[in-house]
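# Summary of the model geometry
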Amino acid sequence: MTIRPELIEQLRSRRAKLTQNVSDEKLAALHVKGLLSARERLDALFDAGTFQELGLHASHSATLFGMAGRELPADGVIAGSGYLGNLQVAAFSQDINVLAGSLGKMQARKINRIMRHALKIGVPVVAFKDSGGARIQEGVDALSGYGDVFYSNVLLSGVVPQIAVICGPCAGGAAYSPALMDFVIMTRQHAHMFLTGPEVIKAVTGRATTMAEVGGAEMHATVSGNAHFIAEDDRHAIALVKQLLSYLPPNNTEDPPHHLAEPIDETADAEINDCVPDDAFEPLDMYSVIHRVVDGGELFEVHAGFARNIIVGFARICGVVVGIVANQPMVMAGALDLNAADKAARFVRTCNIFNVPVVTLVDVPGFLPGVEQERGGIIRHGAKMLSAYGSCTAPKITVILRKAYGGSYLAMCSQEMGADMVFAWPTAEIAVMGAEAAVRILYRKELDQAEDRQARAVELAQEYRDEFASPYVSASNFYITDVIEPGDTRWMLALALRKLLDKRELRPAKKHGNIPM
Ligand code: HXC
């Protein structure tokens, strides 16, 4: 007994037809533009020979309006799983060459199947999005398909990392799936993501606009905040996916990939002192501090172009994966505004899901005063930070470098908001408000009568800083763990992180808290 050779031949030719649906000329044209085909994206993501596809033969085409006799290879999405080293990753990749990658019932079933696989096994999902949205010929089936995908996004959220890579169009309601995922990467030239595109906007509002203005990568990475990373092209996007996964656990029950064999070197780093300007009014560049504190000076920054007054990203400190949240005094003096609060709160919640310890570096003058901020809901947005830090049960360590005033002292994870350890540099100033403002309020009468008002104000402000806002006041009240020399920051953090890695904190059972959305 042996299987008939023509059956094998038939299988091979069917497989070839379905997998080789893009001509060599078309592939070459894509490559010139920095684009890969849907299959090439998966090939570039996974280790060679590890990808297993689900539903290559699945296709809904024959029954569709106006589609009789037309093949839709893999129904426009390639779904399956593969390995990156020891890490299994589930992925799907929409094929723009099949009815513009549009999504109908079968495509949605395939996407859902691979997402549910990721949920069962507890592995990350990577989604390559390149699609004209709902498949018009499928009507309500397409809408239902999207509903099923969104529902899966919600089910997986908080369990396994979900990463969307937008490689081309991502239009209409389709844009909600990336929005429900943890990270969104957009390629600089070809990715466009919007609910309503330029034509509809023009028809409804009369305003002429462009794809770049309403849906380009640059816009989403700097203005709307919908994109966390911009990639130069498809290959760069895949490199960013791999880098991101190198900091995350496969699911919420596991620890991130710490490199605990790294020794802790207790040598002081005298050069960190050079990061602090002599003049208290001159802003400190927080990047210079971060680079001295983290391993190899490597910060994998998230949301780098959005709300640049706060810095968030992943790094390692003596091998321990951490999420860094740090004010950036070089931008808006580091004040917290609407977008900074959203950015930081979202990142802290992401770290908490994946058991990534949060290291918060503080140099903050306060929440940004202003009519637009108040009317824009800075109370609601600022409260997101309190909510995120307060609900975070992952290890939390705070270092106060210079200013920590008012509500922003608490919003940057003080001891009361659950910080496990709080260190302060001798340059720290912790108080209800900045010295100048406090002196103006407290000493108004005295200043009005002073011979040289300005000189007296400066004198009083210095006294306030030295005596009242000094870190030793907080330390003597045991609101901070210790006042440390800046040069000891890195190894003190490393030691504290190791001690906190086994932290377990139980909270009252509830469905979920109410985030101030
Ligand atoms: C079915 C579609 C389609 C769609 C394109 N095609 N979009 N088929 N449903 N949504 C088909 C075209 O008819 C064409 O078929 C082939 O795909 C290639 O399309 P082209 O337009 O020739 O390609 P290109 O010039 O590269 O432009 C690609 C595109 C454009 C930018 C994606 O097609 C486009 O703008 N499509 C519509 C996008 C859109 O409005 N989507 C929103 C849908 S509503 P042939 O037969 O020529 O090969 C939505 C709501 C979802 O998504 C709500 C969920 C909650």
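Note that the coordinates shown come from a computational prediction; the quantities given were computed from them, not determined experimentally.

Criteria and thresholds
- Residues numbered from 1 in each chain as written.
- Predicted model: local features only at pLDDT ≥ 70, side-chain atom pairs only at ≥ 80, totals over all residues.
- Heavy atoms only, no water.
- Helix = DSSP H or I, 4+ residues; strand = E, 2+ residues; numbered from the N terminus.
- Contact = heavy atoms within 4.5 Å.
- Areas by Shrake-Rupley, 256 points an atom, 1.4 Å probe, with all protein chains shown as cover.
- Lys, Arg positive; Asp, Glu negative; His and termini not counted.
- Charge placed at Lys NZ, Arg CZ, Asp CG, Glu CD.
- Near = heavy atom within 4 Å.
- Polar contact = N/O pair within 3.5 Å; in protein donor to acceptor, adjacent residues only side chain to side chain.
- Nonpolar A, V, L, I, M, F, W, Y, C, P; charged D, E, K, R; others polar.
- Core = buried A, V, L, I, M, F, W, Y, C linked by side-chain atoms within 4.5 Å.
- Buried < 20%, exposed > 50% of the residue type's maximum accessible area, 1.4 Å probe, protein only.
- Patch = residues over 30% accessible without salt bridge, like charges linked within 9 Å, V, L, I, M, F, W, Y side chains within 5 Å.
- Salt bridge = Lys/Arg side-chain N within 4 Å of Asp/Glu carboxyl O.
- Axes fitted to C-alpha atoms, helices over the stretch in contact; angles between N-to-C directions.
- Parallel < 35°, antiparallel > 145°, perpendicular 65-115°, else oblique.
- Left-handed = near helix turned anticlockwise from the far one by under 90°.
- Phe/Tyr/Trp six-rings, centres within 6.5 Å; stacked < 30°, edge-to-face > 60°.

With that out of the way, let us pick up the overall build of the protein chain. What the protein chain contains, in helices and strands, is 20 helices and 16 strands. Here the C-alpha coordinates of the protein chain stretch approximately 100 × 60 × 50 Å along the principal axes. If you take every contact in the protein chain between residues at least 6 apart in sequence, the share linking residues at least 24 apart comes to 72%. Surface summary for the protein chain: the accessible area is close to 24300 Å², and the carbon and sulfur share equals 55%. In the protein chain, 49 side chains carry a positive charge and 59 a negative one; their mean positions are 11 Å apart.

Every one of the 16 residues lining the ligand counts as a neighbour, but Arg70, Gly132, Ala134, Ile136 and Gln137 are closest to it. One of the backbone N or O atoms of glycine 132 is found 2.6 Å from a nitrogen atom in the ligand. Elements with a contribution of two residues or more to the shell around the ligand: α5 (139-156) and β5 (162-171). Among the elements that make up the shell around the ligand, the one with the highest residue count is α5 (three residues). Class assignment of the residues belonging to the shell around the ligand gives a composition of nine nonpolar, five polar and two charged.

Attention now moves to the nonpolar core. In terms of nonpolar packing, the biggest core is built from 67 residues, with Leu45, Ile185, Phe314, Val325, Met385 and Ile400 touching the most fellow members. Ranked by the residues each element gives to this core, the list is headed by helix α12 (residues 338-353), at seven residues. Core analysis: the next-biggest nonpolar cluster, separate from the first, contains 35 residues, Ile311, Leu361, Trp425 and Ala496 among them.

Taken together, Lys105, Arg109, Arg113 and Lys120 make up a surface patch of like positive charges. Residue classification places arginine 109 among the exposed residues on the basis of a relative accessible area of 52%.

Further remarks concern unusual backbone geometry. Glycine aside, a negative phi is what most residues show, and trans is what most peptide bonds show. For leucine 99, which is not glycine, the phi dihedral falls at a positive 45°. If you trace the backbone, leucine 99 turns up in the loop between β3 (87-94) and α4 (105-121). With phi around 55°, alanine 333 is a residue other than glycine that occupies positive phi space. The exposure class of alanine 333 is partly exposed, given its relative accessible area of 45%.

Pairs may arise between side chains of opposite charge once their charged atoms sit close together. One pass over the full model with this rule turns up 23 salt bridges. Between aspartate 75 and arginine 135 there is a salt bridge, with the nearest N and O atoms lying 3.0 Å from each other. Placement of aspartate 75 in the loop between β1 (52-54) and β2 (77-84) and of arginine 135 in the loop between β4 (125-131) and α5 is noted, with a sequence separation of 60 residues between them. With respect to burial, aspartate 75 and arginine 135 carry one shared label: buried.

Look at helix α16 (residues 435-442) against helix α18 (residues 453-468): their axes get within 9 Å of each other, and the N-to-C directions meet at 115°. As summarised for this structure, α16 and α18 are arranged roughly perpendicular, according to the angle between their axes. In terms of crossing hand, the pair formed by α16 and α18 is right-handed. Residues Ala435, Glu436, Ala438 and Val439 of α16 lie in contact with α18, whose contacting residues are Ala457, Leu460, Ala461, Tyr464 and Arg465.

The next thing to look at is the environment of histidine 60. Summarising the element assignment, histidine 60 is placed in the loop between β1 and β2. Leave out the neighbours within four places in its chain, and histidine 60 touches Asp75, Lys105, Met106, Glu138 and Asp141.

In this section: the packing of α12 against helix α14 (residues 378-391). At their nearest, the axes of α12 and α14 sit 8 Å apart, and the two run at 20° to each other. In terms of their interaxial angle, α12 and α14 are classed as roughly parallel. Along this stretch, α12 crosses α14, giving a crossing that reads as left-handed. For the pair α12 and α14, contact is made by Leu338, Ala341, Asp342, Ala344, Ala345, Val348, Arg349 and Asn352 and by Ile378, His381, Gly382, Lys384, Met385, Ala388, Tyr389 and Ser391, respectively.

Scanning the entire structure with this criterion turns up 10 aromatic pairs. Consider the rings of phenylalanine 183 and phenylalanine 229, whose centres lie 6.5 Å apart with planes at 45°: the pair is tilted. Within this pair, whereas phenylalanine 183 is found in strand β6 (residues 183-187), its partner phenylalanine 229 is found in strand β8 (residues 229-231), the two being separated by 46 residues in sequence. For the pair phenylalanine 183 and phenylalanine 229, a shared accessibility class is recorded, and that class is buried. Between phenylalanine 183 and phenylalanine 314 the ring centres are 6.2 Å apart and the planes differ by 65°, which places this aromatic pair in the edge-to-face class. In this pair, phenylalanine 183 sits in strand β6 while phenylalanine 314 sits in strand β10 (residues 310-317), placing the two residues 131 residues apart along the sequence. Pair check on accessibility: phenylalanine 183 and phenylalanine 314 agree, each one buried. Through a chain of ring-to-ring contacts, the aromatic side chains of Phe183, Phe229, Tyr247, Phe300, Phe314 and Phe347 assemble into a single cluster.

Shape is all these values report; function is a separate question.
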